[in-house]
Amino acid sequence: MIFDSHEAYKQAGFKPKVCILGSGPAGTTIARKLGAAGIPVVVLEAGSREFSDQSQDFYRGTTVGDFYFDLDVTRLRFMGGSSNHWAGWCRVLDKQDFEPKAWAPDTGWPISRADIEPYLGEVHDILELPAFRPDVPISDDIRWVQLIKSPAVRFAEKFADELDRSRTIAVVLNTYATELAGDGKRVTGARLWSSGQDAGTFTADYFVTCTGGLENSRLLLWSNRRSNGGVVPNAAALGRYWMEHPTFEGGNAILANYGEFEVDASNEAFFSPTPAAMERLQIMNFGIRLIETPYPNVKRLIADLACTAPSMAEWMSDQLEQRLRCAAQLYVAWEQAPLASNHIELSKTDVDHAGVPRIELHWKKSPLERRTLLEGLRLFGTTLAQTNLGRVRIADWIGNGGDYPTNEETAGHHHMGGTRMGTDVSKSVVDANCKVHGMDNLYIGGSSVFCTSGQCNPTTTITALACRLGDHLSKVIAV
Amino acid sequence: MKKMSRRAIVQALLALPAMSLLRSRPAVANSDEIAPDEIAPGAIARDEIIEVNGWILRRSDLA
Ligand SMILES: Cc1cc2nc3c(=O)[nH]c(=O)nc-3n(C[C@H](O)[C@H](O)[C@H](O)COP(=O)(O)OP(=O)(O)OC[C@H]3O[C@@H](n4cnc5c(N)ncnc54)[C@H](O)[C@@H]3O)c2cc1C
């Protein structure tokens, strides 16, 4: 069932066991799992069926530190969430992403990749993915990795009919949960805002917040303040360890044979370091994306090479004559070191229309990441030169220690951390089952529970974790 | 052959769709080392890897 307002929902007399906040990939997936298990579940969605400026305005906020996207541009606030404009790149976090890195504090998850693997079959159906191919090492240091370009499933579009027909799932649109109330053991209710006014308190046995990788922290920080710590009793890490995938053009490569690498439908190929290389160089994970260089830029690149290595440039010219596809731009996206100082806090001065303080995001890239960018490109360049697959030129600003450009990709719109998973309550918010430490009936879905970000886009892992949480909750409720 | 300036090379490259300019250079002494297509891709070089002007090269590339 889908209701366009909280008023309409109330008439239906539906009695949910579980209340999910947010209808993005995480919320929709958990709801479908619970619904399939016969558990009555309500999904409260702040936005409506379509984009609107009024709804989007609730997402405004500010950023302190490094340049970042406007917070009302980097996500979408309506049914289906940011899946309404995600690009569809899919890959699950690597096995080693779940393991601690001795050289980077606060890395490592309380679960392993094996814990989410049983759900990958379901994830492939949901995201309409072919089977993943194993990585292919091209040297001891670098592996070709697959990033599948999915059809970018729009969750609302794909599942609207199924949700509407469901007798166990009720989606309630235009219903903003402004805060949760709690007594330090249980959430006792959610305060609602609908049709421009307070709409009372909503109760259910269990609550799952799936409001996105920025908003989960905001909602819980505000709820905790209003409930004197009764919603997240161990709040030292709440809002902290926030992460993105910084993304910049790192240079260019001339390739002996572009066809040597498996490329996807957009002619792009991806490479990552081996775990041994990360450990040896003490760097984070990264992904180098090869995008074919336009012809005029290839010529400029060869001219540049001619100044340093004329013979090499000569060979390159021949290559260019034989086939046009012989050079690539290198885009690097990397894993951020999880730092408590990268955090979300509530604005002291600015509130939304419902009176909830807006987000102030504190975000800075660290020296370890800068080293990851440079050493990563060196590693890739060395591999290409050693194997004679090509030659790499690192962008000047990276080699010279210049500032990050502000006119480039910047990051992936991947909002991770803030309510991370862990066993140490001073450094995490949820346990291995995504349950908030110390609370009996509060769970969190989405990438805010990520402990580390790995190098790949998050939604495949978000969906796998959501399937796992849906299964877990079904079992808890069935007892 | 007279060494060309960087500017001249750039202009020539931008002007010519085909690279006849560079092809007309005399053959280099040890062309095996600089012709990747003659070496099986994937073969590991024993050559030293160096970084010059942002390029990551084999030392023999500078020949
Ligand atoms: C431009 C862009 C491109 C992207 N490309 C990729 C990609 O290629 N691959 C990839 O893996 N990821 C990509 N992403 C990220 C991807 O969109 C997110 O990871 C994913 O949507 C997160 O799902 P979610 O359900 O956790 O949160 P969201 O999608 O953010 O959904 C949260 C939902 O909660 C609702 N909501 C918020 N607050 C409340 C509240 N208080 N009460 C009730 N409802 C609320 C919102 O309206 C929204 O519907 C991209 C994102 C953007 C912006």
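We now turn to the structure provided with this report. (Residues numbered from 1 in each chain as written. Chains lettered and ligands numbered in written order. Predicted model: local features only at pLDDT ≥ 70, side-chain atom pairs only at ≥ 80, totals over all residues. Heavy atoms only, no water.)

### Considerations on the overall build of chain B
Part 1: Check the secondary structure of chain B and you find three helices and two strands.
Part 2: Counting from the amino terminus, helix and strand elements in chain B follow one another as α-α-α-β-β.
Part 3: Going through the 63 residues of chain B one by one, you find that 29% of them count as buried.
Part 4: Considering only intrachain contacts with a sequence separation of at least 6, the fraction spanning at least 24 residues in chain B is 21%. (Helix = DSSP H or I, 4+ residues; strand = E, 2+ residues; numbered from the N terminus. Buried < 20%, exposed > 50% of the residue type's maximum accessible area, 1.4 Å probe, protein only. Contact = heavy atoms within 4.5 Å.)

### Notes on the site of the ligand
Residue and element names in this part refer to chain A.
Part 1: Of all residues adjacent to the ligand, which total 35 residues, the nearest are Ala26, Glu45, Ser82, Trp89 and Thr459.
Part 2: Between the ligand and alanine 46, the relevant distance is 3.1 Å, taken from a nitrogen atom to a main-chain nitrogen or oxygen of the residue.
Part 3: In isolation the ligand offers 1000 Å² of accessible surface; the protein chains occlude 94% of this area.
Part 4: When contributions to the shell around the ligand are tallied by element, the ones reaching two or more residues are helix H2 (25–36), strand S10 (175–182) and helix H13 (459–478).
Part 5: Broken down by element, the shell around the ligand gets its largest block of residues, three residues, from S10.
Part 6: Classifying every residue of the shell around the ligand gives 15 nonpolar, 17 polar and three charged. (Near = heavy atom within 4 Å. Polar contact = N/O pair within 3.5 Å; in protein donor to acceptor, adjacent residues only side chain to side chain. Areas by Shrake-Rupley, 256 points an atom, 1.4 Å probe, with all protein chains shown as cover. Nonpolar A, V, L, I, M, F, W, Y, C, P; charged D, E, K, R; others polar.)

### Observations concerning the sheet that holds strand S2 (residues 18–21) of chain A
Residues and elements named next belong to chain A.
Part 1: The six strands lie next to each other as S1-S9-S3-S2-S13-S23, forming an open sheet whose pairing is parallel. Edge positions in the sheet fall to strand S1 (2–3) and strand S23 (442–444), since each of these pairs with one other strand and no more.
Part 2: Relative to strand S3 (residues 41–44), S2 runs parallel, the two being bridged by four bridges. Of the residues in S3, the one forming a bridge with cysteine 19 is valine 42. (Pairing = 2+ DSSP bridges.)

### A closer look at empty space enclosed by the protein
Residue and element names in this part refer to chain A.
Part 1: Evaluation of the coordinates by the stated rule reveals one cavity of 30 Å³ or more.
Part 2: Of the voids in this model, the largest cavity is the one considered here, and its volume is about 60 Å³.
Part 3: Lining the largest cavity are Ser23, Thr28, Ala31, Val43, Met79, Gly80, Phe155, Ala156, Leu163, Ile169 and Val171.
Part 4: Mapped by element, the contributors of at least two residues to the lining of the largest cavity are H2, helix H6 (155–165) and strand S9 (169–172).
Part 5: When the residues that make up the lining of the largest cavity are grouped by side-chain class, the tally is eight nonpolar, three polar and no charged. (1 Å grid on protein atoms, 1.4 Å probe; cavity = no way out; pocket = protein on both sides within 12 Å on 5 of 7 lines; lining within 4 Å. Points joined across faces, edges and corners; volume = space filled by probe spheres on them.)

### So, the packing of H2(A) against H6(A)
Residues and elements named next belong to chain A.
Part 1: At a minimum axis separation of 11 Å, H2 and H6 run at an interaxial angle of 25°. As judged from the angle between their axes, H2 and H6 are roughly parallel. Read as a crossing pair, H2 and H6 show a hand that is left-handed. Packed against H2, whose contacting residues are Pro25, Thr28, Thr29 and Arg32, the element H6 presents Phe155, Phe159, Glu162 and Leu163 at the interface.
Part 2: Partitioned by chemical class, the residues of the contact of H2 with H6 number four nonpolar, two polar and two charged. (Axes fitted to C-alpha atoms, helices over the stretch in contact; angles between N-to-C directions. Parallel < 35°, antiparallel > 145°, perpendicular 65-115°, else oblique. Left-handed = near helix turned anticlockwise from the far one by under 90°.)

### Notes on the pairing of strand S7 (residues 142–145) of chain A
Each regular strand carries side chains that alternate between the two faces of the sheet.
Residues and elements named next belong to chain A.
Part 1: Here S7 shows two buried faces, one formed by Ile142 and Trp144 and the other by Arg143 and Val145.
Part 2: With two bridges connecting them, strand S6 (residues 136–137) and S7 associate as antiparallel partners. The residue bridging proline 137 from the neighbouring strand is arginine 143, located in S7.
Part 3: In this structure, the hairpin formed by S6 and S7 is closed by a connection of four residues.
Part 4: Here S7 pairs with strand S16 (residues 269–273) via four bridges, running antiparallel. Paired with valine 145 across the strands is phenylalanine 270, a residue of S16.

### Let's talk about H2(A)
All names here are of chain A.
Part 1: In this model H2 runs 16 Å from its N-terminal to its C-terminal C-alpha over twelve residues, within 8% of the 16 Å that 1.5 Å per residue would give.
Part 2: Listed in full, the buried residues belonging to H2 are Pro25, Ala26, Gly27, Thr28, Thr29, Ile30, Ala31, Lys33, Leu34 and Gly35.
Part 3: Positive backbone phi, approximately 80°, marks glycine 38, located one or two places after H2. (Expected span 1.5 Å × (residues − 1).)

### Considerations on the pattern of salt bridges
Residue and element names in this part refer to chain A.
Part 1: Counted according to the given criterion, the structure contains 34 salt bridges over all chains.
Part 2: Among the ionic pairs, lysine 10 bridges to glutamate 7, the shortest N-O distance being 3.3 Å. Here lysine 10 pairs with glutamate 7, and both are found in helix H1 (residues 6–12), just three residues apart, close to one helical turn.
Part 3: On the basis of relative accessibility, which here comes to 47%, the residue lysine 10 falls in the partly exposed class.
Part 4: For glutamate 345, the salt bridge is made with lysine 348, and the minimal N-O distance between the two is 3.4 Å.
Part 5: Overall, the relative accessible area of 21% leaves glutamate 345 in the partly exposed class.
Part 6: By relative accessible area, which is 73% here, lysine 348 ends up exposed. (Salt bridge = Lys/Arg side-chain N within 4 Å of Asp/Glu carboxyl O.)

### Digging into helix H9 (residues 295–308) of chain A
Part 1: Between the first and last C-alpha of H9(A) there are 21 Å, a value that for 14 residues agrees with the 20 Å anticipated at 1.5 Å per step.
Part 2: All buried positions along H9(A) are accounted for by Val298(A), Lys299(A), Leu301(A), Ile302(A), Ala303(A), Asp304(A), Leu305(A), Ala306(A) and Thr308(A).

### Quick notes on the packing of aromatic side chains
Residues and elements named next belong to chain A.
Part 1: Scanning the entire structure with this criterion turns up 19 aromatic pairs over all chains.
Part 2: Between tryptophan 109 and phenylalanine 450, the ring centres sit 5.5 Å apart and the planes meet at 50°, which makes this aromatic pair tilted. Of the two residues, tryptophan 109 is situated in the loop between strand S5 (89–90) and helix H4 (113–116) and phenylalanine 450 in the loop between S23 and H13; the sequence distance between them amounts to 341 residues.
Part 3: With a relative accessible area of 9%, tryptophan 109 lands in the buried category.
Part 4: Here the aromatic residues Phe3, Tyr9, Phe14 and Phe202 are joined through ring pairs into a cluster of three or more.
Part 5: The ring centre of tyrosine 59 lies 3.6 Å from the NZ or CZ of arginine 75, which sits over that ring.
Part 6: A cation over a ring is seen here: arginine 370 above tyrosine 404, with NZ or CZ 4.9 Å from the ring centre. (Phe/Tyr/Trp six-rings, centres within 6.5 Å; stacked < 30°, edge-to-face > 60°. Lys NZ or Arg CZ within 6 Å of the ring centre and 35° of its normal.)

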